[in-house]
Amino acid sequence: MSDLRWALAAVALGLGMLAVGLEAAGYDAGAALGALWSGAFGSWDAFTSTTLVRSVPLILIGLGLAIAFRAGALNIGAEGQFYAGAIAATWIGLRVVDQPAPVAIAALLSGAALAGAAWVAIPAWLKLRFGVIEVISTLLLNFVAVALVSLMVQGPLQERGRIYPQSDPITEAARLPLLPGSRLHAGFVLALVGALILWAVFSKTLWGFRLRAVGVGPRAAEISGRIDSQRIGAMALLLSGAIAGLAGGMEVSGVSYALFQNLSPGYGFTGIAVALLAGLHPGGVLVAGILFGALEAGAGAMQRDAGVPAVAVYVVQAVVIIVALLATVPRDGQLSPRAILKRRALPPKAAD
Amino acid sequence: MLELAGIHKRFGSVQALCGADFTLAQGEVHALLGENGAGKSTLMHVAYGLVRPDRGEVRLDGTARRISSPREARHLGIGMVHQHFTSVPALTVAENVALFAGWPVAPAQLRQRTRELSERLGLPLDPDQRAGRLSVALKQRLEIVKALAGDARVLLLDEPTAVLAPAEAEELLRMIRSFTTTGGSAVLITHKLDEALRAADRVTVLRHGAVTHTGSALGETATSLAEAMVGTEPGVPLVAQTRSRWPAPPLTRESIRLDALEVPRESGYGIALRHGALVVRAGEIVGVAAVEGNGQRELLRAVAGRIVPLRGKLQVVQPVGFIPEDRATEGLIPSLSLTENVVLGLGGDGPWVRRGRIVWREARSRTAELIREFDIAAPGPAVSAASLSGGNQQKLIIARELSRVPAVIVAENPTRGLDVAATAAIHGRLRSAAAAGAAVLFHSTDLDEVLLLADRVIVVSRGIISEAPLGASRTDIGAMMLSTEKDR
């Protein structure tokens, strides 16, 4: 799997650059990387309560974006859809007080997914109706969603005391169950199941195949496959938005129990990197999601234990994204490093 | 002044030019005629340094030259106006001219220089207007100004009137004439016979990459030129001789019937086909002869269900097999495997689809069968379509479309770019499908192929379908294809 080799090379290069940068800036790189490692994987508690907890939204968003990107729909608005889901989840979570837990959780999560889908429905409609490029419209709606969260936590959803810009905690019944002895919530299981389902959809179903076909050859999909590529693209957008919304709902229902500003440390954007690093493969998203979750988790430990600013970890993320883009984006083009490296080894074309 | 001698050029499996000779004399307008794919543009691209010939010589004023880039051609005084506009819409007229001519950018000077140039050429243009806002005729004018900006003595125009209204075309031809009376020489690529006769001093006709006629335009008529364009070689059976191959019409059922059909242009703007009426019966092969852009594409795509007609009656017996013109972007997806491409075309109709699930094992074994049956040179069903040669890609598409046992087959240029063996194989497949009861409707830009394969020929010209009469000769059909509104 050359995809896998590229991913590993990207991560190694990113960590290497981080080490060089830290040394150059006068930090003890060894200690910093050690803290990074122990913060992410050092103990069972670190692994489950920080790394995996942070990987859940990344995996979910990455899976959703894999759907959209595979269909050729460039949804850059997962951050906004995540917040739309979080707002809806909080609203529902404050109102399902008399319900049994399964009902409350189901209501909260489905409401969050619907809100995420509704948030991306605007760009989807603009694209179908007026041909507005979804890259721009989804991106811009992120800012609207962030502003909406701040409006909510200072207005309709503000806590009873009306002091802090945050909501009241959601009712106990609407909270996701935790793995005993840790802060890892049941959403992780859903992320695993989601990856499995998506793998089956991509590789085993006619719909999944059509979605892939639209992404790699929209014209042929329409003319030879008689596939409505616009419709498939819109459905992919809606699905990716629903999943990002679901991720927002799970963050409220499994981690924060309340809505506040900066609930997401950029999950919607890191999710793009996760999807790309994974080569849009569901299994890869799982691994890449845990990796980026580990980086986020380790960054905190690095700051605490080695005095290195947590933002230094973004160097690793940035390098990984760039290398992943180089390796995967022009999937069939001549520009990908794989294609360039392989050019000499290409088998001769079969003769007529 | 410009001489092209014995030019050969091969693109992959297509011999675009084989020993074409062309001479442009000082002060003349020289029309270069030929069907689509005859090699007209390629020949002029050789002169303009866009295409490097495999063999042959380019001479300018008697000196052999190797023109390896358009920049060099412009330096030698050769300008070209392409079929498609090459201006940057967001830039002004003056900026476009400067960009093309390599002038230094100093806005005030630029404007003045452009104004002077365009007025000197008798082609006034507003230097400050954005190129994207110009009318089609003015865009064309800008192209000419750009081509002449470097004091060109030779102007090559590739179908310049194709996009113009008649009055605009007349003005353009007048402008070309005034350019040549002041010492320039012009080549006018066209497939409009009347235009060539009216505007040109001399005419050269290309056919299959070789010159079939060259001489003064004075003694020529539309008929003699049409004959040179479409040829009269013996050996290719004419329509009349092949007519008896199929059973008398009333005996077989109608597979395609259209009545008063109106089809929009594929681009969505305007009407491509008007009052279309046609009946094709089971077992019949009907060839569509037409010059590109006359509505034949829309006719075929409407029958294949790929374009929704505006009004009228269209009855087509299902299933329909469709072989689109562009293999690599419409017929298949090169990055996918052969199996995936078969699944792509057959979609939910494939027996390997069960309640939305694809049983890939079955799809693979069916694809392997098709590879054997249709003699496709491929190591197996798992290789990507991109790894096949053009001929084998086409065979894969035909295998896929025939595997649905279609009642109707619609094919656009089914053998474009293929070698003789692959062409023969595909003709054989289409014939045997017709013999088994399919109605075949196909178009080829190569009139020879239409005559060779069809039981019956229809001509589409300016959106009107007409039936070639029984026993029509190649020349008759050529004249029908090229007929203008006036002639009718």
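Note that the structure is predicted; figures quoted are calculated from it, not measured. (Residues numbered from 1 in each chain as written. Chains lettered and ligands numbered in written order. Predicted model: local features only at pLDDT ≥ 70, side-chain atom pairs only at ≥ 80, totals over all residues.)

Student: Can you lay out the overall build of chain B for me, pointing to particular residues and giving the numbers?
Tutor: Counting secondary structure elements, chain B contains 17 helices and 21 strands. Computed over its C-alpha atoms, the radius of gyration of chain B comes to 25 Å, within 12% of the 23 Å expected for a compact globule of 488 residues. The 488 residues of chain B split such that 48% are buried. Across chain B, the fraction of contacts at a sequence separation of at least 24, relative to all contacts at a separation of at least 6, is 70%. (Helix = DSSP H or I, 4+ residues; strand = E, 2+ residues; numbered from the N terminus. Rg over C-alpha atoms; globule rule 2.2 N^0.38 Å. Buried ≥ 20, exposed ≤ 12 C-beta atoms within 10 Å, placed from the backbone. Contact = placed C-beta atoms within 7 Å.)

Student: I'd like a description of the overall build of chain A, backed by residues and values.
Tutor: Of the regular secondary structure elements, chain A holds 14 helices and 0 strands. The globule rule puts the C-alpha radius of gyration for 352 residues at 20 Å, and the 21 Å found for chain A is close to it. Seen along its three principal axes, the alpha-carbon backbone of chain A occupies a region of about 80 × 55 × 35 Å. Here chain A holds 352 residues, and the buried ones make up 52% of them. Taking the contacts inside chain A whose residues are at least 6 apart along the sequence as the reference set, 78% of them involve residues at least 24 apart.

Student: Now, about the nonpolar core: what can you tell me, with residues and values included?
Tutor: Residues Leu188, Val440 and Leu441 of chain B are the most contacted members of the largest nonpolar core, which totals 263 residues. Here this core takes 15 residues from helix α3 (residues 44-70) of chain A, the largest share from any one element. Discounting chain neighbours no more than four positions away, the residues touching Val440 of chain B are Ile285, Val286, Ile409, Leu430, Ala433 and Ala434 of chain B. (Core = buried A, V, L, I, M, F, W, Y, C linked by C-beta atoms within 7 Å.)

Student: A description of the environment of Asp151 of chain B should follow, citing residues and the corresponding values.
Tutor: In this structure, Asp151 of chain B sits in the loop between α5 (136-148) and β7 (154-158). In this structure, the C-alpha to C-alpha distance between Asp151 of chain B and Gly184 of chain B, residues 33 residues apart in sequence, is 9.8 Å.

Student: Lay out the sheet that holds strand β5 (residues 63-65) of chain B in plain terms, naming residues and giving numbers.
Tutor: Whenever strands of a sheet pair, they do so through backbone hydrogen bonds, lying parallel or antiparallel. Residues and elements named next belong to chain B. Within the open sheet, the 4 strands sit side by side as β2-β1-β4-β5. Their pairing is antiparallel. Each of the sheet's edge strands pairs with one partner strand only, and the pair in question is β2 (14-24) and β5. Each adjacent strand pair in this sheet contributes to an overall mean axis angle of 30°, direction not counted. With 5 bridges connecting them, strand β1 (residues 2-11) and strand β4 (residues 55-60) associate as antiparallel partners. Along β4, the bridge assignment pairs Leu2 with Leu60. Sitting on the sheet, helix α1 (residues 40-47) is in contact with β1, β2 and β4, with an inclination near 120° to β1. (Pairing = 2+ DSSP bridges. Axes fitted to C-alpha atoms, helices over the stretch in contact; angles between N-to-C directions.)

Student: Describe helix α7 (residues 187-204) of chain A, naming the residues involved and giving the relevant values.
Tutor: All names here are of chain A. Taking 1.5 Å of rise per residue, 18 residues should cover 26 Å, and α7 covers 25 Å from first to last C-alpha, within 8% of that figure. All of the buried residues in α7 are Gly187, Phe188, Ala191, Gly194, Ala195 and Leu198. With its buried residues spanning 105° around the axis, α7 presents them on a single face. Residues of α7 that are exposed and point more than 90 degrees away from the buried face comprise Val193 and Ile197. Next to the buried residues of α7 lie α3, α10 (229-256) and α12 (282-306). (Expected span 1.5 Å × (residues − 1). Arc of directions from axis to C-beta.)

Student: So what's going on with helix α2 (residues 29-41) of chain A? Which residues, and what values?
Tutor: Residue and element names in this part refer to chain A. Between the first and last C-alpha of α2 there are 18 Å, a value that for 13 residues agrees with the 18 Å anticipated at 1.5 Å per step. Every buried residue of α2 is listed here: Ala32, Ala35, Leu36, Gly39 and Ala40. Projected down its long axis, α2 carries its buried residues within an arc of 120°, all on one side.

Student: Report on the sheet that holds strand β11 (residues 254-264) of chain B, specifying residues and quantitative values.
Tutor: All names here are of chain B. Strands sit in the order β12-β11-β14 across an open sheet of 3 strands; the sheet is antiparallel. Every other strand in the sheet has two partners, leaving β12 (271-281) and β14 (311-316) as the edge strands with one partner each. Between one strand axis and the next, the sheet turns by 15° as a mean value, whatever way the strands run. In this structure, β11 lies alongside β14, joined through 5 bridges in antiparallel fashion. Bridging across to β14, Leu258 finds its partner in Leu314. Lying over the sheet, helix α10 (residues 296-303) contacts β11, β12 and β14, oriented at roughly 125° with respect to β11.

Student: Which residues make up the confidence of the model for chain A, and what values do they have?
Tutor: All names here are of chain A. Mean pLDDT over chain A: 89, with 92% of residues reaching 70 or higher. When mean pLDDT is compared element by element in chain A, helix α4 (residues 78-93) scores highest at 97, while helix α14 (residues 337-342) scores lowest at 42. When the criterion is pLDDT under 50, residues 330-352 qualifies, and its contacts beyond four places in sequence or with other chains add up to 30 contacts. (pLDDT = per-residue confidence, 0-100.)

Student: Before we move on, can you summarise unusual backbone geometry with the specific residues and values?
Tutor: Residue and element names in this part refer to chain B. The linkage connecting Gln318 with the following residue, Pro319, adopts the cis geometry, with an omega of -5°. Along the chain, Pro319 falls in the loop between β14 and β15 (320-323). One non-glycine residue, Asp61, lies in positive phi territory at about 50°. By the element assignment, Asp61 lies in the loop between β4 and β5. Owing to 12 C-beta atoms within 10 Å, Asp61 belongs among the exposed residues under this scheme. Unusually for a residue other than glycine, Arg462 sits at a positive phi of about 50°. Inspection of the secondary structure puts Arg462 in the loop between β20 (456-461) and β21 (464-467). Judged by the 16 C-beta atoms lying within 10 Å of it, Arg462 falls in the partly exposed class.

Student: So what's going on with the interface of chain A and chain B? Residues and values would help.
Tutor: On the side of chain B, 28 residues touch chain A, which itself brings 21 residues to the contact. When residues of the side of chain A that touches chain B are traced back to their parent elements, those giving at least two are α8 (206-216) and α9 (218-223) of chain A. Here the side of chain A that touches chain B is built from residues that sort into 11 nonpolar, 4 polar and 6 charged. (Nonpolar A, V, L, I, M, F, W, Y, C, P; charged D, E, K, R; others polar.)

Student: Summarise the packing of helix α5 (residues 101-130) of chain A against helix α6 (residues 134-153) of chain A; cite the residues concerned and give the values.
Tutor: In a packed pair of helices, the relevant descriptors are the angle between the two axes and the axis-to-axis distance. Residues and elements named next belong to chain A. Their axes nearest at 9 Å, the elements α5 and α6 cross at an angle of 150°. Relative to α6, α5 is oriented roughly antiparallel. Seen from above, α5 lies across α6 with right-handed handedness. Listed contacts from α6 to Trp119, Val120, Ile122, Pro123, Leu126 and Lys127 of α5 are Glu134, Ser137, Thr138, Leu141 and Ala145. When its residues are assigned to classes, the contact of α5 with α6 shows 7 nonpolar, 2 polar and 2 charged. (Parallel < 35°, antiparallel > 145°, perpendicular 65-115°, else oblique. Left-handed = near helix turned anticlockwise from the far one by under 90°.)

Student: Describe in detail the confidence of the model for chain B, supporting the description with residues and values.
Tutor: Residues and elements named next belong to chain B. This prediction gives chain B a mean pLDDT of 86; 93% of its residues lie at or above 70. Across residues 233-249, where pLDDT falls below 50, the model places 26 contacts with residues more than four positions away in sequence or in other chains. This complex was scored by the predictor with a pTM of 0.74 and an ipTM of 0.84.

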